[in-house]
Amino acid sequence: MTPDYLLGVIYVAAAPVEACIALVLTFLLHRLLSTLRLYRWIWHGVLFDTALFVVVWAALVLVLPPQFAGYHP
């Protein structure tokens, strides 16, 4: 069964919700890495940010569904 989230009375697919959460977390990690000046050691910043987003999203997909996802009755 495909996981989705119940927002009020509307079922929302899990992918867009998790992607938005991953985007916010990736932005926060980007700010942290920039503040620590670690981007000077990274060859291609945009490529690294994209890979970081994919890794964070994959981690969310593996962690969130068992805990927070609602399923159709």
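Only a predicted model underlies this, so the values are computations on that prediction, with no experimental measurement involved.

Draft legend 1. Spotlight on the overall build of the chain. What the chain contains, in helices and strands, is two helices and two strands. Counting across all 73 residues of the chain, residues that qualify as buried make up 22%. The contacts of the chain with a sequence gap of at least 6 include a subset with a gap of at least 24, amounting to 61%. Element-wise, carbon and sulfur atoms account for 76% of the exposed surface of the chain, whose accessible area totals about 5600 Å².

Draft legend 2. Quick look at a nonpolar patch on the surface. A cluster of nonpolar side chains, namely Ile21, Val24, Leu25, Phe27 and Leu28, defines an oily patch on the protein surface of about 450 Å² accessible area. Looking at the element boundaries, phenylalanine 27 is found in helix H1 (residues 14-35).

Draft legend 3. Fine view of the UniProt feature "transmembrane region" (unreviewed entry) in the chain. Listed under "transmembrane region" (unreviewed entry) in the UniProt record, and renumbered for this structure, are residues 6-29 and 41-64. Helix makes up 67% of residues 6-29 and strand makes up 25%, while its end C-alpha atoms are separated by 28 Å. Taken end to end, residues 41-64 comprises 83% helix and 0% strand; its first and last C-alpha atoms sit 32 Å apart.

Draft legend 4. View of the packing of aromatic side chains. For the structure on display, the rule yields two aromatic pairs. Taken together, a centroid distance of 5.8 Å and an interplanar angle of 90 degrees make the contact between tyrosine 39 and phenylalanine 48 edge-to-face. For tyrosine 39, a relative accessible area of 17% gives the class buried. Centroid distance phenylalanine 53 to tryptophan 57: 5.5 Å. Interplanar angle 50 degrees. Geometry classified as tilted. Of the two residues, phenylalanine 53 and tryptophan 57 both sit in helix H2 (residues 45-68), four residues apart, roughly one turn of that helix.

Draft legend 5. Local environment of the nonpolar core. Residues Tyr5, Ala14, Ala22, Leu33, Tyr39, Leu52, Phe53, Val56, Leu60 and Leu64 constitute the largest nonpolar core, which totals 10 residues. Broken down by secondary-structure element, the contributors of at least two residues to this core are H1 and H2. Element by element, the count of residues in this core is highest for H2, at five residues. Beyond its immediate stretch of four places on either side in the chain, alanine 22 contacts Phe53, Val56, Trp57 and Leu60.

The rules behind these values
Residues numbered from 1 in each chain as written. Predicted model: local features only at pLDDT ≥ 70, side-chain atom pairs only at ≥ 80, totals over all residues. Heavy atoms only, no water. Helix = DSSP H or I, 4+ residues; strand = E, 2+ residues; numbered from the N terminus. Buried < 20%, exposed > 50% of the residue type's maximum accessible area, 1.4 Å probe, protein only. Contact = heavy atoms within 4.5 Å. Areas by Shrake-Rupley, 256 points an atom, 1.4 Å probe, with all protein chains shown as cover. Patch = residues over 30% accessible without salt bridge, like charges linked within 9 Å, V, L, I, M, F, W, Y side chains within 5 Å. Salt bridge = Lys/Arg side-chain N within 4 Å of Asp/Glu carboxyl O. UniProt positions renumbered as here; feature names shortened; annotations may be inferred. Phe/Tyr/Trp six-rings, centres within 6.5 Å; stacked < 30°, edge-to-face > 60°. Core = buried A, V, L, I, M, F, W, Y, C linked by side-chain atoms within 4.5 Å.

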